[in-house]
Amino acid sequence: MGQGRVGEIVSAQPQERRRVLEDAAGIAGLHSRRHEAELRLKATEANLERLGDLIGQLTTQLNALKRQARQAKRYREVSDQLREREALHHHLMWANACTAVEKEEEDLQKALTTVGEETRIETDALRDQHLAAEKLQPLRDEEANKAAALHRLSVEREALDREEQRAQSRQAELETRLAQMTSDLAREQEQISEAEEMLRGLAEEERKLQEASADETEAPKLEAAAAEAAGALSKAEAALSEATEQFAQARAEQRRLESEKAELEGRISRLEAQASEIGQTLAAEEAKAGENNDLQTLEATAKDLREAVERLEEELSKAEETEEVARSKESDRRSDAAAARLRRQELETELATLTKLLKPAQDEEFEPLISNVSVAEGYEQALGTALGDDLDAASDETAPAFWRKLSAQDSDPALPSGAEPLGRFVTGADLLSRRLAQIGVVDSETGDRLQAELKPGQRLVTKDGDLWRWDGYRIRAGAATAAAARLQERNRLESLRGEAEKADATLTDAQQALESSTASLREAGEHTKSLRQKVKETQNELASTRDRIAQTERAMQERSRELGRLAEARTRTEESLAEARGRLSELSETSDISDKLASLEQAQQDAQQEASTARSAHSDAKAELESYARSIRIRQERIEAIAAENDLWQKRIAKARTQIETLQSREQEIRADLEGISNLPQEIEARRRTLLDSIAEAEKERSAAADALAEADTARREHDKALREVQERLSAARESKARSEARLEAARGKRSDIAHQIREAFDCAPEGCLKIAGLEPKATMPDISQVEAELHKLRGDRERLGAVNLRAEEEETEIAAQLEEIETEKADVEEAIASLRQGISNLNREGRKRLLEAFDTVDGHFKRLFGVLFGGGSAELQLVESDDPLQAGLEILACPPGKKPQVLTLLSGGEKALTALALVFAVFLTNPSPICVLDEVDAPLDDANVERFCRMMEEMVETTDTRFLIITHHPLTMARMNRLFGVTMAERGVSQLVSVNLETAEQLRDAV
């Protein structure tokens, strides 16, 4: 046990002090184990809730699978009827495709003739444009060379201006330095003249001092006169001393008698006054001795204050609990606000990124049409696959590639039955209305079947990105396009804006809730703080009242002692008064010695006059001798100082002459530099005039080259314009040819696709479809629109069935087995919860039992050890703040001898330390160990308390089997030990362990 252990117990709160009992009861880890069990219980209950949710989901899923099984049966029936109508429809489409192939072959021949004529015209225009471009490049090179020459001359002019400024600055700097040199030369010459004048004055002063030092014959005479005066002074002072001593003895005797008489008279007066004062004080103190009302009032006040402290501490405990609840709530609200803020920041980041990606580039002259198109969610891939890069074209007809508004024509073919126009899902695309009307949206199965029915220019797409074109071209889903990605990003952008608004509202609500929680926490904190302040103030007032009670008790004891002291003083005063009156009567009978005193006084005055005359003569002779010696010493010191000053001024003259030579050399260099740059401004001006003429000539040449380049560029643009017009006509002809080829290929492809679809769908030739449809080859064929209507009706019936799960029966069996297994797991979880609750109850019951048993044992040891340490008194341990021992705090109520019962915090420092030691050793006695190490536990104790501590240790050694090792610096503790161990350093850096057996030492001492 270390010294800090005692301080921890003294300063600990009751809740923290309970750990001492937990250690004694062996349940120090109970709280952690109980907390772990509660965490497991919460986790198990959460698992139970999840199992309940999962059972509900599986039950719902099982009911749904039963409905799906019934739908699957109806789906198979409709599919059989649909197959017969589809076979007839495929046969009719194949017949129409054969007719379309013959018509498209005729249109292709006409388009080929038109393309040949436009190609010849384009060749002529390309030749003219190439010739104009060849003339343009030499003119551009010439204009660039002229501009470079003009720029080079401008740079030279700027460099010349900078050179002129540098020359002017250099000239001004040299002139300033020249003026400074002239001033420095004059100053050095003046210093040399001053130094020479000082040297002459020093030489004259030295000559005069040497002459004065030559005459030194007066010294022996002055020394003889001083010795003679000293002898006469010695004889006069001896006579004066003898006369003075005789006179002083007589005068002292007279004064002693007079002083003793006056003192006795004063003493008698004082003793009479003191006796009177003591009598009055004694009467007053006896009157006050019976008054003790103040002490009773203070004790009543202290009792009220103790009750107030207990009441305020209860309120403080409740307020701290309220504050903790408010802090927890505020922490939860802060977490919610942080999560809402983080979600808002994530949305803002994604919004900014998408906005930046979707923003047209700043260098784009024409805005692409895709920027103004909106598509329904889920159809972005369909539109991107259908139009592709065509969406990047502009709506401005001045752009190189653009969309023009064309109205739908009656001759425009209709989409096949079962295909829904893509335009219904696209907004903001009026220019695309005719194009979108020829694009149908289907599912993947229908697309393969309807591709053969597509007319030239038509195509089918799915929401996933499948594409079927009228000419047989096919794209499967998964081929991502930039246009589709951009459309998805735009839809995502709109969705994010809505989510951002919701996130803003959520963040605002969270911040308001956080502000409310923060205000509640602040209010609870202020209330707790005010209660703590009240408790502190009340405790301070209680301590002050106890101090006043102690002061009052001490005052009463002091008053009692004072009464005894006053009575004793009155007796001593009366005895002293009688003694003084008797001595005064004896002194009145003593004779007078005034005549002898007068003669001795006259003799002492005569001797004093002779000593004064001798002393004056000796003083004059000695002063004259010292003055003469002082003048000689002063002259010698001044001669030495003159020599040192002479050397200093010589050095100053030499240094000034060297500085003059240096300044003259620098002055010559500066004048040479000034002469060197005097002609530089004229040279710079001449070079500037020449350079300005060259710049003017270069500007004229550059202007002429620029004009020639502009004329050639205008001619090239005219040829470019003519070439573009020809290329546009050729492009139109080629597009017409391509459309014819595409239509022909599409017609052939459609015919081939229909035959391929028939082979894939029905595994037969196109002529065999009639057999599958149940018709004869020569039978009258129904109209294709009637067949499509029947197909549409059957498909509608099948689609109205919705998504049909053909594996519903198998999944139903699997889900039922899984549901049974989960219900078994739920029963296991409920059993685990009951087991955990029983475990927590057992922990609490066993913990309370052990804690109460340990409390009784420790309390018994504590009461006994307290009496040993204090030599009496009483003390007890109390469980406070809660009825549950596991949650209660440990309070110490002590009553040292002669005092009232008090809690540990209200005891004095030494009493606190002894009480804490009693508690520590009471816990130790509850669970003793073979060895106990005490590290300076007696440090806070005074000598009297150390004696008590040592007596308690001796008693514990006798009553227990524990060996105690005590680390201490206190001599009283060391003296009570059986053996001492210490470390000494006999020589530097070498330590040695020393051991002393005190019992053996005592035996040796007794033997001696």
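Just so it is clear, the structure is predicted and the values come from calculations on it, not from any experiment. (Residues numbered from 1 in each chain as written. Predicted model: local features only at pLDDT ≥ 70, side-chain atom pairs only at ≥ 80, totals over all residues. Heavy atoms only, no water.)

1. Regarding the overall build of the protein
Then step 1. Helices and strands together make up the secondary structure of the protein, namely 18 helices and 14 strands.
Then step 2. In the protein, which comprises 1008 residues, the share counted as buried stands at 33%. (Helix = DSSP H or I, 4+ residues; strand = E, 2+ residues; numbered from the N terminus. Buried < 20%, exposed > 50% of the residue type's maximum accessible area, 1.4 Å probe, protein only.)

2. Section: helix α11 (residues 680–762)
Then step 1. Along its 83 residues, α11 runs just 106 Å from first to last C-alpha, ending more than 12% under the 123 Å computed at 1.5 Å per residue.
Then step 2. After α11 finishes, the residue Asp763 shows a positive phi value of roughly 55°. (Expected span 1.5 Å × (residues − 1).)

3. A few points about the pairing of strand β9 (residues 889–895)
Then step 1. Judged by how many residues are buried, β9 sits mostly within the fold: six of seven residues are covered.
Then step 2. Bridge analysis of strand β8 (residues 874–880) against β9 gives seven bridges, and the strand direction is antiparallel. Each bridged residue has a counterpart across the sheet, and for Val880 the counterpart in β9 is Gly889.
Then step 3. Pairing analysis gives two bridges linking β9 to strand β10 (residues 902–903), with the strands arranged antiparallel. Counterpart to Ala894 in the pairing with β10 is Gln902.
Then step 4. Where β9 folds back onto β10 in an antiparallel hairpin, the turn is made up of six residues, including Gly898, whose phi is positive at roughly 85°. (Pairing = 2+ DSSP bridges.)

4. Some details on the sheet that holds strand β7 (residues 474–475)
Then step 1. With mixed pairing, the five strands of this open sheet are ordered in space as β2-β4-β5-β6-β7. Bordering the open sheet on either side are β2 (420–421) and β7, each of which pairs with just one other strand.
Then step 2. Two strands pair when backbone bridges link them, and strand β6 (residues 467–469) and β7 are joined in this way by two bridges, in the antiparallel orientation. Each residue of the ladder has a partner; that of Leu467, found in β7, is Ile475.

5. Points about the side chain of Asp471
Then step 1. Tracing the backbone through its elements, the reader meets Asp471 in the loop between β6 and β7.
Then step 2. Judged by relative accessible area, Asp471 falls into the buried class, the value being 19%.
Then step 3. A distance of 2.8 Å separates polar atoms of two side chains, one belonging to Asp471 and the other to Arg469.
Then step 4. The contacts of Asp471, once residues within four sequence positions are left out, are Ala742, Glu745, Ala746 and Gly749. (Polar contact = N/O pair within 3.5 Å; in protein donor to acceptor, adjacent residues only side chain to side chain. Contact = heavy atoms within 4.5 Å.)

6. Comments concerning the pairing of strand β14 (residues 990–997)
Then step 1. Pairing between strand β13 (residues 979–987) and β14: seven bridges, direction antiparallel. If you follow Phe981 over to β14, its bridge partner there is Ser995.
Then step 2. A loop of two residues connects β13 with β14, the two strands running antiparallel in sequence, and Gly989 in this loop sits at a positive phi of about 85°.

7. Some thoughts on a nonpolar patch on the surface
Then step 1. Taken together, the side chains of Ile931, Val933, Leu965 and Ile967 define a hydrophobic patch exposed on the protein surface, amounting to about 350 Å² of accessible area.
Then step 2. One can find Val933 in strand β11 (residues 931–935).
Then step 3. With a relative accessible area of 38%, Val933 lands in the partly exposed category. (Patch = residues over 30% accessible without salt bridge, like charges linked within 9 Å, V, L, I, M, F, W, Y side chains within 5 Å. Areas by Shrake-Rupley, 256 points an atom, 1.4 Å probe, with all protein chains shown as cover. Salt bridge = Lys/Arg side-chain N within 4 Å of Asp/Glu carboxyl O.)

8. Some thoughts on the sheet that holds β10
Then step 1. Taken together, three strands build an open sheet; the order of strands is β8-β9-β10 and the sheet is antiparallel. In this open sheet, the two edge strands, each paired with only one partner strand, are β8 and β10.
Then step 2. Strands in contact with helix α2 (residues 14–25) are β8 and β9; relative to β9, the strand with the most contacts, it is inclined by about 90°. (Axes fitted to C-alpha atoms, helices over the stretch in contact; angles between N-to-C directions.)

9. Quick word on a negative patch on the surface
Then step 1. A contiguous patch of negative charge on the surface is contributed by Asp304, Glu307, Glu310, Glu313, Glu314, Glu315 and Glu881.
Then step 2. Structurally, the position occupied by Glu315 is in helix α5 (residues 293–358). (Lys, Arg positive; Asp, Glu negative; His and termini not counted. Charge placed at Lys NZ, Arg CZ, Asp CG, Glu CD.)

10. Brief notes about the packing of aromatic side chains
Then step 1. Considering all chains together, one arrives at three aromatic pairs under this definition.
Then step 2. Pairing Phe862 with Phe866 gives two aromatic rings, centres 6.1 Å apart and planes at 45°, and the pair type is tilted. Of this pair, Phe862 and Phe866 both sit in helix α14 (residues 808–870), separated by four residues, roughly a single helical turn. No difference in accessibility class separates Phe862 from Phe866, as the two residues are buried.
Then step 3. In this structure an aromatic cluster arises from ring pairing among Phe862, Phe866 and Phe870.
Then step 4. Positioned above the aromatic ring of Tyr379 is the side chain of Lys463, whose terminal nitrogen or guanidinium carbon lies 4.9 Å from the ring centre. (Phe/Tyr/Trp six-rings, centres within 6.5 Å; stacked < 30°, edge-to-face > 60°. Lys NZ or Arg CZ within 6 Å of the ring centre and 35° of its normal.)

11. Focus on the nonpolar core
Then step 1. Counting 44 residues, the largest nonpolar core has Phe862, Phe921 and Phe949 as the members making the most contacts within it.
Then step 2. Residue assignment for this core shows that the elements contributing at least two residues are α2, α14, β8, β9, α15 (909–926), β11 and α16 (943–959).
Then step 3. In terms of residue count, α15 provides more of this core than any other element does, 10 residues in total.
Then step 4. Apart from residues no more than four positions distant in its own chain, Phe862 is found in contact with Ala875, Glu876, Leu877, Ile892, Thr915, Ala918, Leu919 and Ala922. (Core = buried A, V, L, I, M, F, W, Y, C linked by side-chain atoms within 4.5 Å.)

12. What about the packing of α14 against α15?
Then step 1. Relative to each other, α14 and α15 sit at 135°, their axes nearing to 8 Å. Taken together, α14 and α15 sit at an angle that is classed as oblique. The two elements α14 and α15 cross, and the hand of that crossing is right-handed. On the side of α14, the interface is formed by Thr857, Val858, His861, Phe862, Arg864, Leu865, Phe866, Leu869 and Phe870, while α15 contributes Glu911, Leu914, Thr915, Leu917, Ala918, Leu919, Phe921, Ala922, Val923, Leu925 and Thr926.
Then step 2. Grouping the amino acids of the contact of α14 with α15 by side-chain chemistry returns 14 nonpolar, four polar and two charged. (Parallel < 35°, antiparallel > 145°, perpendicular 65-115°, else oblique. Left-handed = near helix turned anticlockwise from the far one by under 90°. Nonpolar A, V, L, I, M, F, W, Y, C, P; charged D, E, K, R; others polar.)

13. Digging into the confidence of the model for the protein
Interpreting fine coordinate detail is not advised for predicted regions of low pLDDT.
Then step 1. Overall, the predicted model of the protein reaches an average pLDDT of 75, with 83% of residues at or above 70.
Then step 2. Within the protein, the element-level pLDDT minimum falls on helix α1 (residues 3–11), averaging 66, and the maximum on strand β4 (residues 439–441), averaging 90. (pLDDT = per-residue confidence, 0-100.)

14. Focus on the side chain of Asp466
Then step 1. With respect to the helices and strands, the residue Asp466 is situated in the loop between β5 (459–461) and β6.
Then step 2. Given a relative accessible area of 10%, Asp466 falls into the buried group.
Then step 3. Of note is the side chain of Asp466, whose polar atom sits 3.4 Å from the side chain of Arg474.
Then step 4. If we ignore the near neighbours within four places in the chain, the residues touching Asp466 are Ser444, Leu460, Val461, Arg474, Ile475, Arg476 and Ala477.

15. A short note on the environment of Cys950
Then step 1. Its location among the elements puts Cys950 in helix α16.
Then step 2. Separated by 25 residues in sequence, Cys950 and Ala975 place their C-alpha atoms 9.7 Å apart.
Then step 3. In this structure Cys950 touches Leu972, Thr973 and Arg976, once residues within four positions along its chain are discounted.

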